[in-house]
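What the coordinates show
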Amino acid sequence: MAAINILIDEEKIQKRVEELANQIMEDYKGDDLVFICILKGSIFFTVDLAKKIDNNVHLEFMKVSSYGENTVSSGQVELELDLKSSIEGKDVIVIEDIVDTGHTLKYILEYLKVRNPKTLKLCALLDKKERREVEVKVDYVGFEIPNKFVIGYGLDANECYRNLPYVGYLE
Ligand code: 5GP
């Protein structure tokens, strides 16, 4: 098995998730929220974040995939799993694991905007800013990271490593 270098340890992740939760509670006061968890990568982040928030958090799930190679985003995005409830008039926050080129979130945002949410914000645990190809405004960012292919805390390499409690990269 390849050696894993830890980039962000479990304690740091949990501390930052708590900070993000506090920021979200401050911004939305007691309002009900809809979290749209983008499967599969943001499942751990969504759950941990939602548990730290006192507001009612309704959970929705979407799954999208990019065509092309596994580790390279091609810019073409396809919807694999759609929302099950209307988001019209709701305060919606999209929860994403990582923003890389930005194509996935841009697609998701455009898709959701026309469903007329009251507000629509983005929250991403990780941001590889230097890789951005299209502009997306990420309202809540956990960590900016260097241009490395990361795994753990939901992120996979061929479906492995998702359940690591930290974010790391392979040697
Ligand atoms: P984007 O469309 O912003 O280029 O890519 C976003 C998606 O690509 C993420 O949701 C994630 O699924 C995948 N991705 C981008 N960078 C990484 C990475 O470093 N590790 C893993 N495991 N997936 C990544």
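Summary of the structure given here. Keep in mind it's a predicted model, so treat the numbers as computed, not measured.

A closer look at the packing of aromatic side chains
Per the stated rule, a full pass over the model turns up 2 aromatic pairs. Ring centres of phenylalanine 44 and tyrosine 153 lie 6.3 Å apart, and the angle between their planes is 40°; this geometry places the pair in the tilted category. Taken together, the positions of phenylalanine 44 in helix H2 (residues 43–51) and tyrosine 153 in the loop between strand S8 (150–151) and strand S9 (167–170) put the pair 109 residues apart, joining distant regions of the chain. Between tyrosine 107 and tyrosine 111, the ring centres sit 6.3 Å apart and the planes meet at 15°, which makes this aromatic pair stacked. Here tyrosine 111 and tyrosine 107 lie together in helix H3 (residues 103–113), a separation of 4 residues that amounts to about one turn. Judged by relative accessible area, tyrosine 107 falls into the partly exposed class, the value being 25%. Taking the ring centre of tyrosine 111 as reference, the NZ or CZ of arginine 115 above it sits at 3.9 Å.

Overview of the site of the ligand
The full set close to the ligand counts 16 residues, and Thr101, Gly102, Thr104, Val150 and Asp156 are the nearest of them. One of the side-chain nitrogen or oxygen atoms of threonine 101 is found 2.4 Å away from an oxygen atom of the ligand. One nitrogen or oxygen atom from the main chain of glycine 102 is found 2.8 Å from an oxygen atom belonging to the ligand. For the ligand, whose free accessible area comes to 510 Å², the fraction covered by protein is 86%.

A look at H3
Those residues of H3 not exposed but buried are His103, Thr104, Leu105, Ile108, Leu109, Tyr111 and Leu112. Residues of H3 that are buried in the fold lie against strand S2 (33–39), strand S3 (57–66), strand S4 (77–81), strand S5 (91–99) and strand S6 (119–127).

Reading the values: the criteria
Residues numbered from 1 in each chain as written. Predicted model: local features only at pLDDT ≥ 70, side-chain atom pairs only at ≥ 80, totals over all residues. Heavy atoms only, no water. Phe/Tyr/Trp six-rings, centres within 6.5 Å; stacked < 30°, edge-to-face > 60°. Helix = DSSP H or I, 4+ residues; strand = E, 2+ residues; numbered from the N terminus. Buried < 20%, exposed > 50% of the residue type's maximum accessible area, 1.4 Å probe, protein only. Lys NZ or Arg CZ within 6 Å of the ring centre and 35° of its normal. Near = heavy atom within 4 Å. Polar contact = N/O pair within 3.5 Å; in protein donor to acceptor, adjacent residues only side chain to side chain. Areas by Shrake-Rupley, 256 points an atom, 1.4 Å probe, with all protein chains shown as cover. Contact = heavy atoms within 4.5 Å.

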